Amino acid sequence: MSAPTPTRLHPATRAGAAGRLPWWALALPVLAFTALLALILNPSDAHATTGDPAITHLFERVHQLIAR
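Residues numbered from 1 in each chain as written. Predicted model: local features only at pLDDT ≥ 70, side-chain atom pairs only at ≥ 80, totals over all residues. Heavy atoms only, no water.

## Details of the overall build of the protein chain
Here comes step 1: A count of helices and strands for the protein chain gives 2 helices and 0 strands.
Here comes step 2: The proportion of buried residues among the 68 residues of the protein chain is 1%.
Here comes step 3: Surface summary for the protein chain: the accessible area is close to 6,900 Å², and the carbon and sulfur share equals 67%. (Helix = DSSP H or I, 4+ residues; strand = E, 2+ residues; numbered from the N terminus. Buried < 20%, exposed > 50% of the residue type's maximum accessible area, 1.4 Å probe, protein only. Areas by Shrake-Rupley, 256 points an atom, 1.4 Å probe, with all protein chains shown as cover.)

Okay, here's the thing in C-alpha cells:
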C-alpha cells in the first residue's frame, strides 16, 4: 500500500540558510580586524622590540599605504 506524497503550496527559495545576513554579521568582524590592525600599527605602543626587521618593514609599509 503506497502513501501519497505531499505537495508544496509554495516553491522552495534558492537562498537557503545563508540567504541574508544581519548587518552585524559583517560589521563585527570588520570592526575586530580594524581594531587589531590599529593595535599592531600604533607607533605610540611600540616599545623596544627585538622582532625581525623584515616584519617591521612590512608593517611600516602597510601603515604608509593605509595612511594615504
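Read on for the rest.
## Focus on the packing of helix 1 (residues 23-41) against helix 2 (residues 53-67)
Here comes step 1: Where helix 1 contacts helix 2, the axes come no closer than 10 Å and their chain directions differ by 120°. Here helix 2 runs oblique to helix 1, going by the angle between their axes. Classified by chirality, the crossing of helix 2 by helix 1 is left-handed. Residues L37, I40 and L41 of helix 1 pack against F59, V62, H63 and I66 of helix 2.
Here comes step 2: When the residues that make up the contact of helix 1 with helix 2 are grouped by side-chain class, the tally is 6 nonpolar, 1 polar and no charged. (Axes fitted to C-alpha atoms, helices over the stretch in contact; angles between N-to-C directions. Parallel < 35°, antiparallel > 145°, perpendicular 65-115°, else oblique. Left-handed = near helix turned anticlockwise from the far one by under 90°. Contact = heavy atoms within 4.5 Å. Nonpolar A, V, L, I, M, F, W, Y, C, P; charged D, E, K, R; others polar.)

## Observations regarding a nonpolar patch on the surface
Here comes step 1: Judged by side-chain polarity, W23, W24, L28 and L31 come together as a nonpolar surface patch covering roughly 540 Å² of accessible area.
Here comes step 2: Of note, L31 is situated in helix 1. (Patch = residues over 30% accessible without salt bridge, like charges linked within 9 Å, V, L, I, M, F, W, Y side chains within 5 Å. Salt bridge = Lys/Arg side-chain N within 4 Å of Asp/Glu carboxyl O.)

## Regarding the environment of F59
Here comes step 1: For F59, the location among the structural elements is in helix 2.
Here comes step 2: With 22 residues separating them along the chain, F59 and L37 place their C-alpha atoms 9.7 Å apart.
Here comes step 3: Setting aside residues no more than four positions away along its own chain, F59 makes contact with I40 and L41.

Everything listed here is a matter of geometry and, on its own, says nothing about what the molecule does.
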